[in-house]
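Here is what each chain is made of, one letter per residue.
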Amino acid sequence: MKIVLIFMLIQQLLMASINGPTLNEAIQILQTKNLEIKAATLDVEIAQQEEQSVSGKAWGKLDFIQDAARSNDAGNVFGFKLTSREATFGDFGFSEFSTTNPNILNVQPADLNYPNDRNFFQSKLRYEVPLFTGFALSSYSDIMHSMTRMKSLKKQELINVKIFELRKSYYNMALLNNSITNLSTILNNIQTLQNTTQSMIDVGYAKKVDLLEVKSKKGNVQRLLIQMNSNKVLLYHYISFLLNQKISHIIVPSSEISMPLLSDENIISSNLDIQKASTGLLIRKDMLSVDEAAYYPTVGAFGEVATADDTFLEDAAKHQAYTVGARLTWNIFNGGSDGSKIQKSKLELLKMRSQVTLAKNGVKLQVAKIRTQIKSVDEEIKSLTQELELADAIYKNYEGRYREKLSSMNDVIIKQSQQIEKILQLQTAKNRRNEKIFALKKLANTKGY
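Throughout what follows, the structure given in this document is the object of discussion.

What counts as what
- Residues numbered from 1 in each chain as written.
- Predicted model: local features only at pLDDT ≥ 70, side-chain atom pairs only at ≥ 80, totals over all residues.
- Heavy atoms only, no water.
- Helix = DSSP H or I, 4+ residues; strand = E, 2+ residues; numbered from the N terminus.
- Rg over C-alpha atoms; globule rule 2.2 N^0.38 Å.
- Buried < 20%, exposed > 50% of the residue type's maximum accessible area, 1.4 Å probe, protein only.
- Contact = heavy atoms within 4.5 Å.
- Areas by Shrake-Rupley, 256 points an atom, 1.4 Å probe, with all protein chains shown as cover.
- Lys, Arg positive; Asp, Glu negative; His and termini not counted.
- Charge placed at Lys NZ, Arg CZ, Asp CG, Glu CD.
- Salt bridge = Lys/Arg side-chain N within 4 Å of Asp/Glu carboxyl O.
- Expected span 1.5 Å × (residues − 1).
- Pairing = 2+ DSSP bridges.
- Axes fitted to C-alpha atoms, helices over the stretch in contact; angles between N-to-C directions.
- Core = buried A, V, L, I, M, F, W, Y, C linked by side-chain atoms within 4.5 Å.
- Phe/Tyr/Trp six-rings, centres within 6.5 Å; stacked < 30°, edge-to-face > 60°.
- Lys NZ or Arg CZ within 6 Å of the ring centre and 35° of its normal.

1. Some remarks on the overall build of the protein
Part 1 of the argument: Looking only at helices and strands, the protein has eleven helices and four strands in total.
Part 2 of the argument: Against the globule reference of 22 Å for 449 residues, the protein gives a C-alpha radius of gyration of 42 Å, more extended than a compact globule.
Part 3 of the argument: With respect to the three principal axes, the spread of C-alpha positions in the protein is 155 × 55 × 50 Å.
Part 4 of the argument: Counting all 449 residues of the protein, 35% fall into the buried class.
Part 5 of the argument: The contacts in the protein between residues at least 6 apart in sequence include a share of 84% that link residues at least 24 apart.
Part 6 of the argument: Accessible surface for the protein amounts to roughly 26,800 Å². Of this, 57% is attributable to carbon and sulfur atoms.
Part 7 of the argument: One way to put it: in the protein the 55 positive side-chain charges average out to a point 12 Å from where the 46 negative ones average out.

2. Considerations on the pattern of salt bridges
Part 1 of the argument: Counted by the stated rule, this structure contains 16 salt bridges.
Part 2 of the argument: Across the pair Arg-70 and Asp-117 runs a salt bridge whose closest N-O atoms are separated by 3.8 Å. Of this pair, Arg-70 sits in strand S1 (residues 61-71) while Asp-117 sits in the loop between helix H5 (110-113) and strand S2 (118-132), and the two are 47 residues apart along the sequence.
Part 3 of the argument: A residue is classified by how much of its surface remains accessible, and Arg-70, at 55% relative accessible area, is exposed.
Part 4 of the argument: Between Glu-387 and Lys-422 there is a salt bridge, and its shortest N-O distance comes to 2.6 Å.

3. A look at helix H10 (residues 337-403)
Since one α-helical turn is 3.6 residues long, residues separated by three or four positions face the same way.
Part 1 of the argument: Counted at 1.5 Å a residue, the expected span for H10 with its 67 residues is 99 Å, and the 94 Å between its end C-alpha atoms agrees.
Part 2 of the argument: Positive backbone phi, at 60 degrees, marks Lys-405, one or two positions downstream of H10.

4. Some remarks on the pairing of S2
In regular strands, side chains alternate between the two faces of the sheet.
Part 1 of the argument: Relative to S2, S1 is paired through eleven bridges, and the arrangement is antiparallel. Paired with Phe-64 across the strands is Leu-125, a residue of S2.
Part 2 of the argument: Summarising the sheet, S2 and strand S3 (residues 298-309) pair through eleven bridges and their orientation is antiparallel. Within S3, the position partnered with Phe-121 by the bridge is Asp-309.

5. Comments concerning the sheet that holds strand S4 (residues 320-329)
Part 1 of the argument: Judged by pairing direction, the sheet is antiparallel, and its four strands sit side by side in the order S1-S2-S3-S4 without closing on themselves. Every other strand in the sheet has two partners, leaving S1 and S4 as the edge strands with one partner each. Each adjacent strand pair in this sheet contributes to an overall mean axis angle of 20 degrees, direction not counted.
Part 2 of the argument: Docked against the sheet, helix H4 (residues 74-83) engages S1, S2 and S3, running at close to 70 degrees with respect to S2.

6. Digging into the nonpolar core
Part 1 of the argument: Ranked by size, the top nonpolar core spans 71 residues in total, and within it Leu-166, Leu-183, Val-221, Ile-239 and Ile-267 carry the most contacts.
Part 2 of the argument: The greatest single-element share of this core, amounting to 16 residues, is contributed by helix H6 (residues 136-202).
Part 3 of the argument: When sequence neighbours within four positions are dropped, the list of residues in contact with Leu-183 reads Val-221, Leu-224, Leu-225, Met-228 and Ile-420.

7. Some points on the packing of aromatic side chains
How two aromatic rings sit relative to each other is set out by the distance from centre to centre and by the angle between their planes.
Part 1 of the argument: For the structure on display, the rule yields eight aromatic pairs.
Part 2 of the argument: Centre to centre, the rings of Phe-132 and Phe-135 are 5.4 Å apart; their planes meet at 85 degrees, and the pair counts as edge-to-face.
Part 3 of the argument: Given the relative accessible area of 29%, Phe-132 is considered partly exposed.
Part 4 of the argument: By relative accessible area, Phe-135 is classed as partly exposed at 47%.
Part 5 of the argument: Where Phe-132 meets Tyr-296, the ring centres are 6.2 Å apart and the plane angle is 85 degrees; that geometry is what we call edge-to-face. Separated by 164 residues along the polypeptide, Phe-132 in strand S2 and Tyr-296 in the loop between helix H9 (272-292) and S3 bring together distant segments of the chain.
Part 6 of the argument: Taking relative accessible area as the criterion, Tyr-296 reaches 38% and is therefore assigned partly exposed.
Part 7 of the argument: In textbook terms, an aromatic cluster arises when at least three aromatic residues are bridged by ring pairs, as seen for Phe-132, Phe-135 and Tyr-296.
Part 8 of the argument: Lys-415 extends its terminal NZ or CZ atom over the ring of Tyr-398, reaching a point 5.2 Å from the ring centre.
Part 9 of the argument: Lying over the aromatic face of Phe-164, Lys-442 brings its terminal NZ or CZ to 5.5 Å of the ring centre.

Now the structure itself:
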């Protein structure tokens, strides 16, 4: 049973490689292989690391400090001894003390002023933590969280754009295949007409100029087919670029695509531009909180343990010391610049609120415009489909009339030109309709493809 399942899986993989990916499979490849999306993913990860970096500041910092020095400076040597708890009365110059000298207070102690060189090794562990920052630190953390969300929204927006381009390419390929099929049928009809005209010339029922007209029209159709096949090659190149891998075959979808059932409310609630504007509004609110933090005091605490000696870590337990403390800093006056910054932030916040409203109104306008354009092109496609059916019937009628010598070859060619024109117009209209529907889905940030 396992061998059969493996064989079936391999067979499916081989068929997929021969036929090429479907649209849904291509979208999956796009989201993992596209280079621009990969770069956007890295931008999101970078923003996440920056967010963690800011959040980590609330936990304070722990530093290990190791000093190594040698000096004969009187202040340094005395400080070294005092720090390592090894100072003696002799360090104060008591060797110069004499009870018989009445001017003893005027004697300069050589031991204190001219000490011998001394090494100094101090190992210190220091921890500092902010207790209160006027809500600045929490506001910074919220800003970085919003920035991460903004990067994620930009990544999703890029994905939607690339999916839009990929879907459009797939459906353009389907329409090209459909047009190529129609033109190939017309080419076969022209070939049949050419054979008929040649036969009629042989028996004297047609002129040589009729054959030249048929060959000329045949050349025009062949040229159109070459152009369409070249467009297919270009589409394959572009699809390969989007998927970042060589694509020479795809499974095209149906050239017809249904109108999505999306209400205006759903589109507005899920639209990425509106979400980005709303996120920008949150960032502005937090930036105002950061500026307002200047009116509050900041409080921090610290603690440290240290040991020192003239040799590295000798008698560390005996010479250890500790210090704990806290500091409050409160700026009372700085010329009114803090107030100006706060007023500027408030104005920026008002501006951002108006931009959110503008984004919503802009999306509503785009949705209304696209819906109107889709309705218009639907009517155009309906009309062109009927016109193409009529053109096909007229061409067949004139082809029969020509064989009965009731119309000229020029009339047949004109009707055939009208037939080809309707095919191209119909393809162009369907392309426009598909593009508008894809644009509507992109606005709605739809997850289903």
